[in-house]
Structures are given as structure tokens and as C-alpha cells.
Amino acid sequence: MEKIKMADLHTQYLRIKQEIDHAIQQVIDSTAFIQGPQVNQFAESLAAYLNSKSVIPCANGTDALQIAMMALGCKPGDEVIIPVHTYVATAEVIALLGLKPVFTEVDGKSFNIDTNQIEEKITDRTFAIVPVHLYGQCADMEPILSIAKKHQIHVIEDVAQALGAVYTFSDGRKLRAGTMGTIGCTSFFPSKNLGCFGDGGAIFTQHSELAEKIKMIANHGQKVKYHHDIIGVNSRLDTVQAAILNVKLKYLDDYEKRRNWVAEFYDRELSPLNFVEVPYRVVNSTHVFHQYTLQTKGIDRDHFKTYLESKGIPTMIYYPVPLHLQKAYASPEYPAGSFRITEKLSRSVISLPIHTEMNQDQLFYICSTIKAYPHHG
Ligand SMILES: *Cc1c(COP(=O)(O)O)cnc(C)c1O
């Protein structure tokens, strides 16, 4: 049996090596390393895939969030509502821009922001809500959008873990993650569902004026070279990365199917166990399984993790320390105990290997090893 990894980018590459190598070589031969034609081609293909009016590529997912907030005209002191159970990037750019992250509890089943707790966080300084589609499943966008509309605040979707996920509204309308809010932001970090060979990101919007502004901000605030109308940043997607993404985008649906096949295997084998809970599937979103995250019940999660490691099964904890308990983001407003669900998740979640290259032997081995875990109860 092949060694089990959290991600297997090498085997994934080997399956499309010829196409990828050719695409990279073309960029090298053209030497159009910055803003080569592949960047626009990719933006257009991704826009078509998502059914989004505009896609603006940028340097990484963290920049995408920062540029989104800048484009919407955030002002120092503005408040941004975010789930407290998420990756640090979401909070980081908020703090960097002089805004205030307002942490909000998540739902203990879906892991996404608890929409019943958003409205009480809104003040006259609230600028935006940033729902994060964590682990690959959409946050409950319908109530989020209606709260945002009522209070006239922006919605910036963090799609870094859920590119391709589809949300269904109560009237049957279906939209891809990132195309529902004012702006959507994603990452092409190598291990994301659509990953490049370095850093990469993109911003989606359905508003053409906003798209123009985002494009300018991502490129030094200029539309015409050396004419800087607004303050911007240097955040472009390299042509080489765009060329790679052009190839890989064609396989995204296949990648999603493979991830779902792994998830269904785990669900089938692990749902009867009483010491772990398999991921809950919400009814109104597809799941693209960036992560397959269990919650342990009545066992010591860290002991369980060490046990799996000793059997050659890597796992990861997303995330071991909630944002409000991180040194950089701690505030007297949020002492330990402020977010009981998130704090419990930080002690109970464990993500199993899930990627496009896993095979049945590996899955049987992982599941039988988990079933053999010596637990009491
Ligand atoms: C990966 C990730 C980001 C940041 O993306 P980078 O490209 O690494 O900057 C932001 N938010 C979430 C939820 C992520 O998982």
C-alpha cells in the first residue's frame, strides 16, 4: 500500500504531467511572466465555471480578502463579523486594515457561522459579514444575505475551502460559492481543491464597477500604467500559475467527485462508531470536501491522533486554537469561555486524509485502524 498522506500533489501532477509541463514551457518561451495572456484566459474560464460576471486573479487568498475590503471602501474602526472557528487569514486582513474583527459563534454541526447569532453583533459601525465556507460546505447564505440587505452591509464570502460548492436557495435557485455575496474570495494554495504550484488567489463579483476597482487595487491602483488613481497593492497571479490553473480547472469536477468518493467511504464505515461523529451534510449546499473532519466523542482527541500517527495515518487539527484565544487577536471582550462550541471543536475536531489520489486499500486500512482504536464506552 502506498504511504498515506494528507495530500498527494505529486501523483496528482503525474496524471496530467504532459499538459502541465507544456503549459509551463509555453510561458517560459514567451517570457510574459507577469500579466501574460494565460491570466485573462484563466479568469474567463473560471468565471464561466462559476457563472460569475467577473473573476479577478490576485496573488493569494489572503490578499483577495484584503483587496475586497479595500474595494468596498472600509474605514479604520469599521467592524467585520466573522466566524471565530476559521483560518487566521480571515481575521488578519481585518486587523491589518485597522478594522475590528467581531467574532461570532459557529454551528456545532455544520462548522459554519451560526446565522442566528449574527444580527445581535451588528452595530452602526458594521461594515461587512465574512461567511467562511469551511471545510468545503457553504455557510447558510440565504439568511446571511437577508440580514446584510436589511442592515445594508456587505457580504464577502471566503471561498478558499469551497471552490465549486453549490448552494440552493429556498426558491430553487442554485449559485456557486463566492457568487452570492457582494464579493467572493478564494485561494489557489497548492493543497486547496484547485491548487497551483505556489501562491495564487482570485476575487469574484457580479458588479462591473466594483470589478474595475478591484482590478485596479490589485495592480497598484492603476488602470493606465504609471497613473495611480487609488491606493493599491501589488497582488497579481503569475502567468505560470495561471497556465497551470488553466489545465487543472478542467479537472476540478473530477477532483470533486474523487473527494466525495473518499468522504462517502468514510461516512459508510465510520458513522456506526460511537466515539467519532462523521461530518454533517447540510441540505442546501453540496460539499466539496476540502477537509473530512470528524468530531471525537468521549475520547481524548490528541491520544487518538497519536494512535493514528503510530499506525502511519497522518491527521490534522483545523484549528487547535480558536481566534479569540490567539495572542494576536485576544481581547478582554472575549475571555476563554466566550465561544463554547468553537472551544469544544478546537478540542474535538480531527481531519482525516482526503485527496484526489486516495485508493480503496488506503481507505480500508484507515477505517479498520480507526475501528480498532482501543476506547472505553
Ligand atoms: C487558505 C485559506 C485562506 C488564505 O489563502 P492563502 O492563499 O493561503 O492566502 C483564507 N481563508 C481560508 C478559510 C483558507 O482556508
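Since this is a predicted model, take the numbers as computed values, not measurements. Along each chain, residues carry numbers from 1 onward, in the same order as the chain's sequence is written. The model is predicted, so local features are restricted to residues of pLDDT at least 70 and side-chain atom pairs to those at 80 or more, both for listing and for counting; the totals for chains, interfaces and linings are taken over all residues. Excluded from the side-chain calculation are hydrogens and water; included are all heavy atoms of the structure.

Draft legend 1. Examining the site of the ligand more closely. Distances are taken per atom, and a residue is near a molecule or strand as soon as one of its heavy atoms is within 4 Å of it. Within the structure, the ligand sits among N60, G61, T62, Y87, A89, V132, D158, A160, Q161, S187, K192 and G200. Two N or O atoms form a polar contact when they lie within 3.5 Å of each other; inside protein one atom must be a possible hydrogen donor and the other a possible acceptor, and for residues adjacent in sequence the pair counts only when both atoms belong to side chains. Between D158 and the ligand, the recorded distance is 2.8 Å, taken from a side-chain N or O atom to a nitrogen atom. Take K192: an N or O atom from its side chain is 2.7 Å from an oxygen atom of the ligand. Taken together, the residues of the shell around the ligand sort by class into four nonpolar, six polar and two charged. Residues were grouped as follows: Ala, Val, Leu, Ile, Met, Phe, Trp, Tyr, Cys and Pro as nonpolar; Asp, Glu, Lys and Arg as charged; and all remaining residues, including Gly, as polar.

Draft legend 2. A look at the sheet that holds strand β12 (residues 276–277). The rule for pairing is simple: two strands pair if DSSP sees at least two bridges between them. Where helices and strands are cited, they refer to DSSP runs of H or I of at least four residues and of E of at least two residues respectively, numbered from the N terminus. Here three strands make up an open sheet; going across it, the order is β12-β13-β14 and the pairing antiparallel. Each end of this open sheet is capped by a strand with a single partner; those strands are β12 and β14 (349–352). Throughout, a residue-residue contact means that at least one pair of heavy atoms, one from each residue, lies within 4.5 Å. Each axis is a line fitted through C-alpha atoms, and for a helix only the stretch in contact is used; angles between axes span 0 to 180 degrees, taken between their N-to-C directions. Of the strands in this sheet, β12, β13 (292–296) and β14 are in contact with helix α10 (residues 301–310), which crosses β14 at around 20°.

Draft legend 3. Inspection of the packing of aromatic side chains at higher detail. Working definition: a ring pair exists when centres of Phe, Tyr or Trp rings (six-membered ring for Trp) sit within 6.5 Å. Plane angles under 30 degrees give stacked, over 60 give edge-to-face, the rest tilted. The full count for this structure, using the stated rule, is 17 aromatic pairs. Residues Y167 and F169 carry aromatic rings whose centres are separated by 4.9 Å and whose planes lie at 80° to one another, so their mutual orientation is edge-to-face. Considered together, Y167 and F169 belong to a single accessibility category, that of buried residues. Considering the side-chain rings of F304 and Y373, the 4.9 Å spacing of their centres and the 70° angle between planes classify their relative orientation as edge-to-face. Pair noted here: F304 is in helix α10 and Y373 is in the segment after α12 (360–371), with a separation of 69 residues, a long-range link. Each member of the pair, F304 as well as Y373, carries the same accessibility label: buried. Within the aromatic cluster, the residues linked to one another by ring pairs are F275, F304, Y307 and Y373. The ring centre of F169 lies 4.3 Å from the NZ or CZ of R173, which sits over that ring. Sitting over the face of the ring of Y87, K192 holds its NZ or CZ atom 5.9 Å from the ring centroid. Remark: exposure states derive from per-residue accessible area (1.4 Å probe, protein chains only) relative to the maximum for the residue type, with buried under 20%, exposed over 50%, and partly exposed in between. For a ring to carry a charge above it, either NZ of a lysine or CZ of an arginine must fall within 6 Å of the ring centroid while also lying within 35 degrees of the normal to the ring plane.

Draft legend 4. Structural detail: the sheet that holds strand β3 (residues 100–104). With mixed pairing, seven strands are arranged side by side in an open sheet as β1-β9-β8-β5-β4-β2-β3. Where the open sheet ends on each side, the last strands, each with one partner, are β1 (54–58) and β3. Recorded for the sheet is a direction-independent mean angle of 25° between the axes of neighbouring strands. When strand β4 (residues 126–129) meets strand β5 (residues 154–158), the two strands line up parallel, connected through two bridges. Bridging across to β5, I129 finds its partner in V155. On the sheet, helix α3 (residues 37–50) packs against β1 and β9 (201–205) and is oriented at approximately 135° with respect to β1.

Draft legend 5. Representation of the domain arrangement of the protein in the model. Looking at the protein, the domain boundaries give domain 1 (9–104 + 112–249) and domain 2 (252–371). The domain limits used here are those given by an automatic or database domain assignment. Each of domain 1 and domain 2 has a C-alpha centre, and the two are 24 Å apart. Both sides together, the interface formed by domain 1 and domain 2 hides about 3,200 Å², and carbon and sulfur atoms give 54% of it. The buried area of a pairing is the accessible area, by a 1.4 Å probe, that goes missing from both parts when the two are put together, added over both. Considering only the side of domain 1, the residues that lose the most area to domain 2 are Y135, Q137 and N193, jointly responsible for 24% of the buried surface there. Each reported salt bridge corresponds to a side-chain nitrogen of Lys or Arg within 4 Å of a carboxyl oxygen of Asp or Glu. Scanning the region where domain 1 abuts domain 2 turns up two salt bridges. Linking E333 and K100 is a salt bridge whose minimum nitrogen-to-oxygen distance equals 3.3 Å. Here domain 1 is connected to domain 2 by 22 residue pairs in polar contact (both at pLDDT 80 or more). Among the elements that take part in the side of domain 1 that touches domain 2, β3 stands out by supplying five residues, more than any other. Looking at side-chain class alone, the side of domain 1 that touches domain 2 contains 22 nonpolar, twelve polar and seven charged residues.

Draft legend 6. Just the environment of H151, in detail. Turning to its location among the elements, H151 is positioned in helix α6 (residues 141–151). Looking at H151, the relative accessible area reads 30%, which means it is partly exposed. On a C-alpha basis, the gap between H151 and A243 in space is 41 Å, while along the polypeptide they are 92 residues apart. With residues near it in sequence (within four places) discarded, H151 still touches E119 and I122.

Draft legend 7. Local environment of the packing of helix α9 (residues 252–270) against α12. Where α9 contacts α12, the axes come no closer than 10 Å and their chain directions differ by 30°. Classified by the angle between their axes, α9 and α12 sit roughly parallel to one another. In terms of crossing hand, the pair formed by α9 and α12 is right-handed. Within the contact between the two elements, α9 uses W261, V262, F265, Y266, E269 and L270 and α12 uses Q360, L363, F364, I366, C367, I370 and K371. Considering only residue class, the contact of α9 with α12 consists of ten nonpolar, one polar and two charged. For this classification, under 35 degrees means roughly parallel, over 145 means roughly antiparallel, 65 to 115 means roughly perpendicular, and everything else is oblique. Crossing handedness follows the turn of the near helix against the far one: under a right angle anticlockwise gives a left-handed crossing, and clockwise gives a right-handed one.

Draft legend 8. Local environment of the pairing of β4. As defined by bridge partners, strand β2 (residues 79–83) adjoins β4 across three bridges and the pair is classed as parallel. Each bridged residue has a counterpart across the sheet, and for V80 the counterpart in β4 is A128. Read as a crossover between parallel neighbours, the route from β4 over α6 to β5 is right-handed. The handedness of a crossover follows from its direction of travel: if, with the strands pointing away from the viewer, the path from the first strand over the helix to the second runs clockwise, the crossover is right-handed.

Draft legend 9. Main features of a nonpolar patch on the surface. On the surface, a nonpolar cluster with roughly 270 Å² of combined accessible area is contributed by I28, F33 and I34. Inspection of the secondary structure assignment puts I28 in helix α2 (residues 17–30). I28 gets classed as partly exposed once you look at its relative accessible area, which sits at 41%. Only residues whose relative accessible area exceeds 30% and that form no salt bridge are eligible for patches; like-charged ones are grouped when within 9 Å, while nonpolar side chains (Val, Leu, Ile, Met, Phe, Trp, Tyr) are grouped when within 5 Å. For the area figures, the Shrake-Rupley method with a 1.4 Å probe applies, and any residue is considered shielded solely by the protein chains shown.

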